[in-house]
Amino acid sequence: MSKFGFDPEDGVVEVAKSDLANRLASFPPSSPKPAIDLVAVDAAAAPHGFISREAGSGRKRRVVPSEPKRQLSVMLPVSKYNRFVAYADRHRLTYEEVISRFLDGAID
Amino acid sequence: MPIIAVSNPKGGAGKSTTTLLLATYLAEQGASVCVLDADPNQPILDWKTRGESKTTLQVIGGVKESTLIETLDGLTHQFIFIDLEGTASVLVSRSIAMADFVIVPLQASAVDVRQAAKAIRAVKDEEKVAQRSNPNRKIPYRVVMTRTPAPGAPVSSVQRQLEVEIKSAGISRFKTSLAERLAYKAIFVERLSLPELKDMKVGNLEAAYQNIHELAEELVETLQAIGQRGDR
C-alpha cells in the first residue's frame, strides 16, 4: 500500500467508489433547456448589484442607411416577444438584424 | 444532467477549489463532467491546459454573459459546473437562472457571509422570475463551509456563531465542510487531481480525499432528491 492509501486493494475506498459510480450512471446527459426571459432575469438580479461587467463595444459610429427605411410595428404574444428579444440578446443582434437573418434563412 | 452553479460574489470563498475538487472527483468515478470556467482569471482552464492531469474532465473557458446560454445548449455531459467570478454580475445571475442547483461556498468570515447572502437572495429572485413561466421551477441551493479546521482541530468562535446563524435562518447547508488542506492548494500548484498527487508531500492526502468523497456523496444524494422531486 502507498503511504497515502491509494492501493487498488484498499477495500474502503473502492467499495464507496463503486457505489457512487452506480448512482452516477443514473444521471442522463444534459440537453438544451427551454428559453429563458433574459430581460426579466437581468431585471430581477439588478437590485442586488448584479450588473454587466463586460466592456461594451463602445459607441458605434452612426451608420448611414443605404436605402430609405420604413417603420414596422408588430403586436406579439408575450411568449413570442420574449423569445424574439432573448434571441436578439443572445446573438447580440439588433431587431432589424434578427429579422434580416430570419428572412435570409427563409425558404420562399 | 444537472447544471451546478458555484457562486459567491466574494472572491476567495473557495469557488474554484470546490468546483475543481468535485468535478475531478465525479469524473474519476466515471461521470462525464464539464466545467465552464466563468472566472476572468480562468484558474480551472489554466489547470487543465497547462497541467498534465489525465482526468476526463472537460473545461471550457472564456464564457461570457452573451455566450453562456449557447455554450450550455451545446453540452451533453452528465454534470456541468459553472465556476463563477467573485463579483456580482449579469453572468452570475444568468448562470443562477439556468442552474438546477447552486453551491454557495463560504468561509467563516463576516464579509463572506454577507456576500453569500447576496447570492442567496439572487437565487430566490431568479427562482421567482423562472416561476412566471414554469410554476414548478425551483433553484435549490446549499451553502458549503470552506477552509474549516480539520476534524479534531479547534473550531473558531466565529465559525460556531456562523453555524448557529445559518441554522436559525433556515439556510440549506451541506453537512460536509471542506477542511483547510494542503492538498487542496497543491492541486492548483501541481495542476493535478487529488489522486494524482499521491507521490508528493502534500499533507494528509487520504483525509483530503475522504473529505471530498463525502462532499461528492452528499451532492449526488441531493441532486438525486431534486430530480425525484422534479424541481428541474
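See the structure shown above.
Let us look at the structure shown here. (Residues numbered from 1 in each chain as written. Chains lettered and ligands numbered in written order. Predicted model: local features only at pLDDT ≥ 70, side-chain atom pairs only at ≥ 80, totals over all residues. Heavy atoms only, no water.)

1. Considering the overall build of chain A
A tally of helices and strands in chain A yields four helices and zero strands. In chain A, the succession of α and β elements from N to C terminus is α-α-α-α. Each of the 108 residues in chain A was classed as buried or not, and the buried ones make up 23%. (Helix = DSSP H or I, 4+ residues; strand = E, 2+ residues; numbered from the N terminus. Buried < 20%, exposed > 50% of the residue type's maximum accessible area, 1.4 Å probe, protein only.)

2. Re unusual backbone geometry
Even without glycine at this site, Arg92 of chain A takes up a positive phi of about 55°. Judged by its relative accessible area of 54%, Arg92 of chain A falls in the exposed class. For Arg191 of chain B, which is not glycine, the phi dihedral falls at a positive 55°. Mapped onto the elements, Arg191 of chain B comes out in the loop between helix H7 (182-190) and helix H8 (205-229).

3. A short note on the environment of Asn204 of chain B
Residue and element names in this part refer to chain B. Checked against the element boundaries, Asn204 lands in the loop between H7 and H8. Assessed through its relative accessible area of 46%, Asn204 is described here as partly exposed. Between the C-alpha atoms of Asn204 and Val123, which are 81 residues apart in sequence, the distance is 36 Å. In this structure the side chain of Asn204 is engaged in a polar contact, spanning 3.0 Å, whose partner is the backbone nitrogen of Ala207. (Polar contact = N/O pair within 3.5 Å; in protein donor to acceptor, adjacent residues only side chain to side chain.)

4. Digging into the pattern of salt bridges
Evaluation of the coordinates by the stated rule reveals 13 salt bridges over all chains. Note that Asp89 of chain A is salt-bridged to Arg94 of chain B, the shortest N-O span being 2.9 Å. Placement of Asp89 of chain A in helix H3 (residues 78-90) and of Arg94 of chain B in helix H4 (residues 90-98) is noted, with the two residues assigned to different chains. In this structure, Lys128 of chain B engages Asp125 of chain B in a salt bridge whose closest nitrogen and oxygen atoms are separated by 3.8 Å. Of this pair, Lys128 of chain B and Asp125 of chain B both sit in helix H5 (residues 110-133), three residues apart, roughly one helical turn. (Salt bridge = Lys/Arg side-chain N within 4 Å of Asp/Glu carboxyl O.)

5. Observations regarding the nonpolar core
Counting 44 residues, the largest nonpolar core has Leu26, Phe79, Phe81, Leu194 and Leu219 of chain B as its most contacted members. For this core, the element with the highest residue contribution is H8 of chain B, accounting for ten residues. Sequence-distant contacts of Leu219 of chain B, that is, excluding residues within four places in its chain, are made with Ile4, Leu22, Leu26, Phe81, Phe101, Ile103 and Phe174 of chain B. Listed in part, the 36 residues of the second largest apolar core include Ala45 of chain A together with Leu72, Ile120 and Ile139 of chain B. (Core = buried A, V, L, I, M, F, W, Y, C linked by side-chain atoms within 4.5 Å. Contact = heavy atoms within 4.5 Å.)

6. Some thoughts on the interface of chain A and chain B
On the chain B side, the residues contacting the 38 residues of chain A number 57 residues. Our enumeration of links across chain A and chain B arrives at four salt bridges. For Lys33 of chain A, the salt bridge identified is with Asp100 of chain B, shortest N-O distance 2.8 Å. Along the contact surface separating chain A from chain B lie 14 residue pairs in polar contact (both at pLDDT 80 or more). Contributing elements (two or more residues each) for the side of chain A that touches chain B: helix H1 (11-24), helix H2 (38-45) and H3 of chain A. Looking at the side of chain A that touches chain B, the element that brings in the most residues is H1 of chain A, giving eight residues. A per-class count over the side of chain A that touches chain B returns 20 nonpolar, seven polar and eleven charged. (Nonpolar A, V, L, I, M, F, W, Y, C, P; charged D, E, K, R; others polar.)

7. Overview of the sheet that holds strand S6 (residues 141-148) of chain B
Residues and elements named next belong to chain B. Across the sheet, which stays open at both edges, the seven strands sit in the order S3-S2-S4-S1-S5-S6-S7 with parallel pairing between neighbours. The sheet terminates laterally at strand S3 (58-60) and strand S7 (178-179), the two strands that pair on one side only. Summarising the sheet, strand S1 (residues 3-6) and strand S5 (residues 101-106) pair through three bridges and their orientation is parallel. Its bridge partner being in S5, Ile4 is matched across the sheet by Phe101. Across the sheet, helix H2 (residues 43-50) touches strand S2 (33-38), S3 and strand S4 (79-84), and the angle it forms with S2 is around 125°. (Pairing = 2+ DSSP bridges. Axes fitted to C-alpha atoms, helices over the stretch in contact; angles between N-to-C directions.)

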